Amino acid sequence: MPDNVKDCIHCNKCVKKCSFLTKYNIDLEAFSKREDLAYHCFLCNDCNIVCPKDIDGNKISMCMRINKINSDVEK
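Residues numbered from 1 in each chain as written. Predicted model: local features only at pLDDT ≥ 70, side-chain atom pairs only at ≥ 80, totals over all residues. Heavy atoms only, no water.

Draft legend 1. The overall build of the protein, seen in detail. For the protein, the count of helices and strands is five helices and zero strands. Walking the protein from its N terminus toward its C terminus, one meets helices and strands in the order α-α-α-α-α. Its C-alpha atoms give the protein a radius of gyration of 12 Å, within 12% of the compact-globule value 11 Å for 75 residues. Considering only C-alpha atoms, the protein reaches an extent of 40 × 25 × 15 Å along its principal axes. Looking at the protein as a whole, 40% of its 75 residues qualify as buried. Counting only contacts in the protein whose residues sit at least 6 apart along the sequence, the fraction spanning at least 24 positions is 49%. Surface summary for the protein: the accessible area is close to 4,700 Å², and the carbon and sulfur share equals 52%. If the 12 positive side-chain charges of the protein are averaged to one point and the 11 negative ones to another, these points end up 5 Å apart. (Helix = DSSP H or I, 4+ residues; strand = E, 2+ residues; numbered from the N terminus. Rg over C-alpha atoms; globule rule 2.2 N^0.38 Å. Buried < 20%, exposed > 50% of the residue type's maximum accessible area, 1.4 Å probe, protein only. Contact = heavy atoms within 4.5 Å. Areas by Shrake-Rupley, 256 points an atom, 1.4 Å probe, with all protein chains shown as cover. Lys, Arg positive; Asp, Glu negative; His and termini not counted. Charge placed at Lys NZ, Arg CZ, Asp CG, Glu CD.)

Below you can see the structure in the form of structure tokens.
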């Protein structure tokens, strides 16, 4: 998970810009805690473009996807 997720200031700029985050009414920090939504992100990068803390939703989503794949392989 990107280290700067904890730096989220909850300004909701990402939510306003991203239809995925809008649909679930979550910001990037909340998304980072929702592994069940990892494959719902469109990887469009709109959230990162507007984020004043440079939090990257693509990295969050890809990290969760990789974690899911690795946990499935271990089973």
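That was the structure; now back to the text.
Draft legend 2. Region of the structure containing the environment of Ile60. Within the secondary structure, Ile60 is located in helix 5 (residues 57-74). A relative accessible area of 0% places Ile60 in the buried class. In the structure, Ile60 is positioned 29 residues away from Phe31 in sequence and 7.9 Å away in space, judged by C-alpha atoms. Setting aside residues up to four positions removed in sequence, Ile60 forms contacts with Met1, Pro2, Val5, Leu28, Phe31, Ser32 and Ile55.

Read these as geometric descriptors, not functional statements.
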